[in-house]
Amino acid sequence: MSLSSAVTATWSISSSTADALSISKGAIVAATSDNIQIIALLACEGFGATLPMCPESCAKAHQLCSRAHESTTLSFLKAKIGFQRGDSGWQLSQSDAGLRFLALAACLLTIDWWKAAELLRKLVTSTAEDKRLVPTSQQIKQLLIAINYRLACSGFANQIIGWKAWIEELIGSTPLEINTPPSNLLFQLVSALSKLERLGETESVHVETPVADAAWIIAFIKWCLGEPPILVLSNDPSSIIQSESRVHLHLMRDLSASPASPTKIWTQDTIGSINDLWSDHSVAVGDFNGMVHLPELAARLMAFLGPKTWLEYRAGREAISLGCLPVLEHFMRIGSRDGDEMPNISVSQGSLFSDEEVIARTLAGFLGESPESSLKALPKNTLVEDLPSIETVKKKFKKTCRCGKCLNDAAFPKQKCTFDRYMRTISKCIATVLLASLLVSNAPEGVFLHLPVSTPDVFDDFTTAVYHCLRDSGQQSCSTDSIIDEVLKLVGRRDERRTATKDWIMSVHQGQTIYPQILNSLSLHKIGLLSLICVQGLIIYKGEKYDYVEVSEKLNLYPSGRRRSQDLNTSDEVIDSDDDFNDDPLLARNRIIQEARDEYQDSKIIWKVSAKDDRLFLSVHDPSHGSFASGERHPIRAIWAASKSFFVTCPHDRQLPLSKPNPWLVAAQPGFPPKRRRSEARKRGVVLTDRNERDMEPWGQNIGTKNE
């Protein structure tokens, strides 16, 4: 392996470039752009000269951080999504030392950010010629946050998952936790690798670590040096992987002894002299923060089903493949309604999820199969757990499970059922497929997804609904906000940057901007209402960068005193008194539908955008619709309102009056719930539109209750 330039033992700001004036000017611009301290930028760039980093990793860092393009323009927000030329990441990518630091940062961003900042400060301090020019840990953390949106999708986490799967297969282990190395080990490892490159072939580096911690270390060594270390099992002197590397990784295979075994690192010279650098019990740095592609995420989740050769794994794959359609049907609820009373009229309910073809394509990517145009169906009146393969797994688990249900002993101490946990893993996989199918990426490599640290049997609201759909075959519900919440977690939302989901409009997570497709198209369709666009880059508004767009706190979400319900199973309002009905000004118009007309002919969308601190605020209103113009509206509320609405397609000629008005349909105004007398509770209020072409149409959905 060869590096682009020599590795130095120390660094100084004055020696980081031949043109101090140029660097200072560029650094000032970059620091100002990202609101960070210039000393952190200059010190980390100078420190990069001491790092060993292979050309491939430097090239990857340059590819990611030299981007200065606009990915897309958002007309409704009067903003752009993309990468700014001259910010911290771009500035660092302009020098060899800066590229080496960026390549190291891409690895460290997969561990706890504060621990990463502390580690970097220790490394920077140990190699600085002038200790007075060392930034604080907090200043370094702010720099890491600023460059994360460029480096989050570097692919380093994919390599960790690949090595982890290889180790699990090698030792025949159940899924190992994704552990990150202790800070002291990383400090000594980086220092030893730097020294190794400076001294050449006079030394070798040896690391002894438990197998649970090995994947991250192997990926890191390969990322830095361009080749993996020589791998040796602690109880097998023969090498597992032979290479030209001068780094040896000794894996402690005994899982039961691993927690009590110390992690060690030492160097050895050509005459056999050993220099112990560090030895201590392994303590994880923090939660793994990796972003991976869908196949790597799928491999991680499905590993909890068992090794690929086991019946449990094969049965689980079959259950995931056949379980998507019944779950989708529970949530879509597409079908005829009141067909006897409304002949020749097509009525279907809106669905948050995409059509079968989109989900089938996502499922194929999850399972690593060739995509099909539709989802596979279960036999009629059959649940997933009725499949012969799942029945066999259930019987197998029952023989060894110690829960009260399997022992048929209610007095037995409470313990989780092994089969229930197995079905929970399958449910988590299906939920992930459905959530991932909502994401539409503009990048060739697709969407990057956050790898969860918790096991698949730790549930959220949406996965719980999926689980009961699979097992109970009963109608389940889940709020739109809960589904949005889980999608944002899937793309890497960090809790410290969280906004209330009910106020969410769009946001940036791990370098990817997520926003509803409906904001681009301004058109509602009965399926795919919650399709989300995923674009790489930050939100750039009037030359400044933002990572959140939410609704204003002062926005009136409930006009006329009406409250909303977020549950998918809500009903429209029925009033008791005809007097109340006649007095309501919203219903003063002729309710009998005599002819086809377009309620949106004169509509005009007005967007309102404002900025405060690190966030943008967005709302919308239409001054042409009476009381609807009295207050601004939350744009995203149209999505969940439409998911509770019925789309009615009429067969009559659009240009002619109705020869016989339908007695079961009455007119309702845009933007308001369709009230009905108690005596006509079976009637359906509709908002008349000319197909689905008007800009106002999404905002005509009433904000808060079922509309039709």
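All values reported here derive from a predicted model rather than from experimental measurement. (Residues numbered from 1 in each chain as written. Predicted model: local features only at pLDDT ≥ 70, side-chain atom pairs only at ≥ 80, totals over all residues. Heavy atoms only, no water.)

Helix and strand content of the protein: 22 helices and 25 strands. Taking all contacts inside the protein whose residues are at least 6 apart in sequence as the whole, residues at least 24 apart take part in 74%. As presented, the protein carries roughly 30,300 Å² of accessible surface, and 49% of it is formed by carbon and sulfur atoms. (Helix = DSSP H or I, 4+ residues; strand = E, 2+ residues; numbered from the N terminus. Contact = heavy atoms within 4.5 Å. Areas by Shrake-Rupley, 256 points an atom, 1.4 Å probe, with all protein chains shown as cover.)

Let us look at the pattern of salt bridges. Enumeration according to the criterion identifies 22 salt bridges in this entry. A salt bridge links D87 to R150, with the nearest nitrogen and oxygen atoms 3.2 Å apart. Taken together, the residues D87 in the loop between strand 2 (79-82) and helix 4 (88-92) and R150 in helix 7 (residues 137-151) connect sequence positions 63 residues apart. In terms of burial, D87 and R150 fall into one category: buried. In this structure, the salt-bridge partner of D460 is K428, at a minimum N-O distance of 3.3 Å. Here K428 lies in helix 16 (residues 418-437) and D460 lies in the loop between strand 12 (449-450) and helix 17 (461-472), a separation of 32 residues in the sequence. Neither D460 nor K428 differs from the other in exposure class; each is buried. (Salt bridge = Lys/Arg side-chain N within 4 Å of Asp/Glu carboxyl O. Buried < 20%, exposed > 50% of the residue type's maximum accessible area, 1.4 Å probe, protein only.)

So, about the sheet that holds strand 18 (residues 548-550). Taken in spatial order, the 7 strands line up as 11-15-14-13-18-21-20 in an open sheet, and their pairing is mixed. In this open sheet, the two edge strands, each paired with only one partner strand, are strand 11 (439-441) and strand 20 (606-612). Across the sheet, the mean angle separating the axes of adjacent strands is 25 degrees when strand polarity is ignored. Of the strand pairs in this sheet, strand 14 (residues 512-516) and strand 15 (residues 532-536) are connected by 5 bridges, and their pairing is antiparallel. (Pairing = 2+ DSSP bridges. Axes fitted to C-alpha atoms, helices over the stretch in contact; angles between N-to-C directions.)

Glancing now at empty space enclosed by the protein. Counted by the stated rule, this structure contains 7 cavities of 30 Å³ or more. A106, T110, L151, A152 and N289 are the residues nearest the centre of the largest cavity, which is lined by 14 residues in total. Secondary-structure elements contributing two or more residues to the lining of the largest cavity are helix 7 and helix 8 (156-171). Residues belonging to the lining of the largest cavity are distributed by class as follows: 7 nonpolar, 7 polar and no charged. (1 Å grid on protein atoms, 1.4 Å probe; cavity = no way out; pocket = protein on both sides within 12 Å on 5 of 7 lines; lining within 4 Å. Points joined across faces, edges and corners; volume = space filled by probe spheres on them. Nonpolar A, V, L, I, M, F, W, Y, C, P; charged D, E, K, R; others polar.)

Another point: the sheet that holds strand 17 (residues 544-546). Strand order in the open sheet made by the 4 strands is 1-2-16-17, with antiparallel pairing throughout. Among the strands making up the open sheet, the edge pair consists of strand 1 (70-74) and strand 17. With strand direction ignored, the average angle separating the axes of adjacent strands in the sheet is 35 degrees. Alignment of strand 1 against strand 2, held across 4 bridges, turns out to be antiparallel. When the bridges of strand 2 are listed, E70 appears paired with G82.

On the surface, E329, D355, E356 and E357 cluster together into a negatively charged patch. Among the secondary structure elements, E357 is positioned in helix 13 (residues 356-367). (Patch = residues over 30% accessible without salt bridge, like charges linked within 9 Å, V, L, I, M, F, W, Y side chains within 5 Å. Lys, Arg positive; Asp, Glu negative; His and termini not counted. Charge placed at Lys NZ, Arg CZ, Asp CG, Glu CD.)

Now for the side chain of K428. Overall, the relative accessible area of 17% leaves K428 in the buried class. For K428, the side chain forms a polar contact with the side chain of D460, separated by 3.3 Å. Sequence-distant contacts of K428, defined by excluding residues within four places in its chain, comprise L301, P456, D460 and T463. (Polar contact = N/O pair within 3.5 Å; in protein donor to acceptor, adjacent residues only side chain to side chain.)

Enumeration according to the criterion identifies 0 disulfides in this entry. Not engaged in a disulfide, the cysteine C54 finds its nearest cysteine sulfur in C58; these two sulfurs lie 6.8 Å apart. Classification of C54 by relative accessible area gives buried; the value is 2%. Its sulfur unpaired, C469 is 9.8 Å from the next cysteine sulfur, which belongs to C478. (Disulfide = S-S within 2.5 Å.)

One rule of thumb: low pLDDT means the predicted coordinates there are not for detailed reading. For the protein, per-residue confidence averages 79 on the pLDDT scale, and 76% of positions sit at 70 or higher. Low pLDDT (under 50) marks residues 693-708, which in the prediction has 78 contacts with non-local residues, meaning those over four places away or in another chain. (pLDDT = per-residue confidence, 0-100.)

Our focus in this paragraph is the side chain of S351. Relative to the elements of secondary structure, S351 occurs in the loop between strand 10 (346-349) and helix 13. A distance of 3.2 Å separates a polar side-chain atom of S351 from the backbone nitrogen of F353.

Another point: the environment of Q594. Locating Q594 in the fold gives a position in the loop between helix 20 (578-583) and strand 20. Residues Q594 and A667, spaced 73 residues apart in sequence, show a C-alpha to C-alpha distance of 9.8 Å. In contact with Q594, other than residues within four places in its own chain, are P657, L658 and P661.

What follows deals with the pairing of strand 16 (residues 538-541). Because side chains alternate across strand 16, one face comprises the buried residues L538 and I540, and the other comprises I539 and Y541, equally buried. Strand direction decides the pairing type here: strand 2 and strand 16, joined by 3 bridges, are antiparallel. When the bridges of strand 16 are listed, G82 appears paired with L538.

Here the focus is the packing of aromatic side chains. Counted by the stated rule, this structure contains 11 aromatic pairs. Taken together, a centroid distance of 5.2 Å and an interplanar angle of 20 degrees make the contact between W216 and F220 stacked. Placement of both W216 and F220 in helix 10 (residues 211-225) is noted, with a separation of 4 residues, approximately one turn of the helix. The class for W216 is buried, based on a relative accessible area of 1%. (Phe/Tyr/Trp six-rings, centres within 6.5 Å; stacked < 30°, edge-to-face > 60°.)

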